[in-house]
Amino acid sequence: MARACARAVTGGVFLLLGLLSINGAASARDSDAACANLRKLPLADVQIANATAVRPDPAWRLAHPFGRGEIEVAAPFCRVEGSIEGNIGFEAWLPRREDWTGRMLGAGVGGSAGHFNYVDMARGLTLGFAAGATDAGHKADDKGWMLDPKKAEDFTHRAQHL
């Protein structure tokens, strides 16, 4: 159920980032600057820690969260990393303007979450989606997260809808 819910998300933060991202940029240099400028967006209760232009040559690789090899991305994108209300981690991967289909993929993580679904985010990006995910308000290695009422509330319904 949580995975289905997450896939249906068009969350305000991810949609806003997608609309404001690199869509107005005409060149790779402009696109990189537009990506970096996302760090300056004044969004209530949202902190953008990093906004990095990723230019694969020929591919960008990222370790799978569960040690299942590497995830490979061949399409250039803007990687936005941040948090909502300080504890709900998120990532948004925004394709270049010419690659974007105008669609958004909210990548669910299933189970008890605590990580980002880079596999589905990479797949979505390859298909021209802006892709985003949250960690559902806690980290996978935080063994007692469900004992924290705020983290439990974030996990049960808030983290996918903010």
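Below: a short report on this structure. (Residues numbered from 1 in each chain as written. Predicted model: local features only at pLDDT ≥ 70, side-chain atom pairs only at ≥ 80, totals over all residues. Heavy atoms only, no water.)

### Observations concerning the pairing of strand β5 (residues 88-95)
Then step 1. Among the 8 residues that make up β5, 8 are buried, leaving the element largely enclosed by the rest of the structure.
Then step 2. Residues I88, F90, A92 and L94 point to one face of β5 and G89, E91, W93 and P95 to the other, with burial holding for every one of them.
Then step 3. Pairing of strand β4 (residues 77-84) with β5, which is carried by 8 bridges, proceeds in the antiparallel orientation. Within β5, the position partnered with S83 by the bridge is G89.
Then step 4. Here β4 folds back onto β5 in antiparallel fashion, the turn holding 3 residues, of which E85 has a positive phi close to 55°. (Buried < 20%, exposed > 50% of the residue type's maximum accessible area, 1.4 Å probe, protein only. Helix = DSSP H or I, 4+ residues; strand = E, 2+ residues; numbered from the N terminus. Pairing = 2+ DSSP bridges.)

### Digging into the sheet that holds strand β7 (residues 130-134)
Then step 1. One open sheet accounts for 5 strands, arranged β1-β4-β5-β7-β6; its pairing is mixed. A single partner strand is all that each edge strand has here, and the edge strands are β1 (46-54) and β6 (104-106). Each strand of the sheet is rotated relative to its neighbour by a mean of 15°, with strand direction disregarded.
Then step 2. Relative to β7, β5 runs antiparallel, the two being bridged by 4 bridges. Of the residues in β7, the one forming a bridge with W93 is A131.
Then step 3. The sheet contacts of helix α4 (residues 118-126) involve β4, β5, β6 and β7, and relative to β5 the element is tilted by about 20°. (Axes fitted to C-alpha atoms, helices over the stretch in contact; angles between N-to-C directions. Contact = heavy atoms within 4.5 Å.)

### Considering the pattern of salt bridges
Then step 1. The full count for this structure, using the stated rule, is 8 salt bridges.
Then step 2. A salt bridge links R61 to E72, with the nearest nitrogen and oxygen atoms 2.9 Å apart. Taken together, the residues R61 in strand β2 (residues 60-63) and E72 in strand β3 (residues 70-73) connect sequence positions 11 residues apart.
Then step 3. The salt bridge involving E98 is made with R96; its shortest N-O contact spans 3.4 Å.
Then step 4. The exposure class assigned to E98 is exposed, which follows from its relative accessible area of 54%.
Then step 5. Overall, the relative accessible area of 26% leaves R96 in the partly exposed class.
Then step 6. Overlapping salt bridges bring together R61, E70 and E72 as one network. (Salt bridge = Lys/Arg side-chain N within 4 Å of Asp/Glu carboxyl O.)

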